[in-house]
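Geometric and topological summary
Given next are the chains, with one letter for each unit.
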Amino acid sequence: QWYQRRVREVEEDEEEEEEEGWGNKTQFLLACIGLAVGLGNVWRFPMLLHENGGGAFLIPYIIMLFLEGVPIMYVEMAIGQYFRGGSVVSWERIHPSLKGIGLCSLVISSFLCIYYVMVIAWILYYIWVSLDNVPPYAGCEYTD
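Overview of the structure. (Residues numbered from 1 in each chain as written. Predicted model: local features only at pLDDT ≥ 70, side-chain atom pairs only at ≥ 80, totals over all residues. Heavy atoms only, no water.)

1. Points about unusual backbone geometry
Test applied: Put simply, DSSP marks the helices as runs of H or I at least four residues long and the strands as runs of E at least two long, and each gets a number from the N terminus on. Under the scheme applied here, a residue whose accessible area is under 20% of the maximum for its type counts as buried, over 50% as exposed, and between as partly exposed, the area being computed with a 1.4 Å probe on protein chains only.
Phi angles above zero are rare outside glycine, and R84 is one such case at about 55 degrees. Structurally, R84 is set in the loop between α4 (55–83) and α5 (87–94). Judged by its relative accessible area of 56%, R84 falls in the exposed class.

In structure tokens, the structure reads:
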């Protein structure tokens, strides 16, 4: 009897919970763009463009973007939406032995987050130092 009461309580709780979702399509689109565009796109991509032939580099980049990048991103979003979970839950629901793939992606994402925070900290530090009246490179204390 206690089991049946508990099942009823859980069912009532599930009915009361609203299904989470995006407010509108613009929110979803901006979230996807925010996840896809990172520091590398702003910081490193112009350098790679310059080193690898300028505008000619854009042609293979755009081809690979639409042949590989966008389809993989779409599949990842579809799997996450289908299983209603993150990478660990999704891979575990596909097959329990694939849970390690989700854990690896979680660890890699954590390392990237730490890396991005460090880069942003350096940027903020150097901006702060540059606001000083006398820049640190104005003179050299080791010369006569």
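2. Here we look at the environment of L58
Which entries qualify depends on this criterion: Any two residues whose heavy atoms approach within 4.5 Å at even a single point are treated as in contact.
Relative to the assigned elements, L58 resides in helix α4. Not counting residues within four places of it along the chain, the set of residues in contact with L58 comprises F45 and L49.

3. Examining the packing of aromatic side chains
So the rule is basically this: Planes of paired rings set the category: under 30 degrees apart is stacked, over 60 is edge-to-face and the rest tilted, where pairs are Phe, Tyr or Trp rings (Trp by its six-membered ring) whose centres lie within 6.5 Å.
Taken as a whole, this structure holds 4 aromatic pairs when the rule is applied. Centre to centre, the rings of F45 and Y61 are 4.8 Å apart; their planes meet at 50 degrees, and the pair counts as tilted. Remark: Y61 occurs in helix α4 and F45 occurs in helix α3 (residues 39–51); sequence separation between them is 16 residues. Overall, Y61 belongs to the partly exposed group, its relative accessible area being 32%. Relative to Y126, the ring of Y125 lies with its centre 5.1 Å away and its plane at 70 degrees, an arrangement referred to as edge-to-face.

4. Observations regarding α4
Quick reminder of the rule: Every helix has an expected span of 1.5 Å times one less than the residues it contains.
The end-to-end C-alpha separation of α4 is 40 Å, in line with the 42 Å expected for 29 residues at 1.5 Å each. Looking one or two places after α4, you find R84, whose phi comes out positive at around 55 degrees.

5. Considering the packing of α5 against helix α6 (residues 99–130)
Applied cut-off: Only the contacting stretch of a helix is used when fitting its axis, a line to C-alpha atoms as for every element, and angles between N-to-C directions run 0 to 180 degrees. Roughly parallel here means an angle under 35 degrees, roughly antiparallel means over 145, roughly perpendicular means 65 to 115, and every remaining angle is called oblique. Note on convention: near helix rotated counterclockwise from far helix by under a right angle means a left-handed crossing. Clockwise means right-handed. In the scheme used here, Gly and all other residues not listed as nonpolar or charged are polar, with Ala, Val, Leu, Ile, Met, Phe, Trp, Tyr, Cys and Pro taken as nonpolar and Asp, Glu, Lys and Arg as charged.
Direction vectors running N to C along α5 and α6 enclose 165 degrees, while the axes themselves pass 7 Å from each other. Judged by the inter-axis angle, α5 sits roughly antiparallel to α6. Between α5 and α6 lies a crossing whose hand is right-handed. Side by side, α5 and α6 meet where S87, V88, W91 and E92 of the first sit next to K99, I101, G102, L103, S105 and L106 of the second. Residues belonging to the contact of α5 with α6 are distributed by class as follows: 5 nonpolar, 3 polar and 2 charged.

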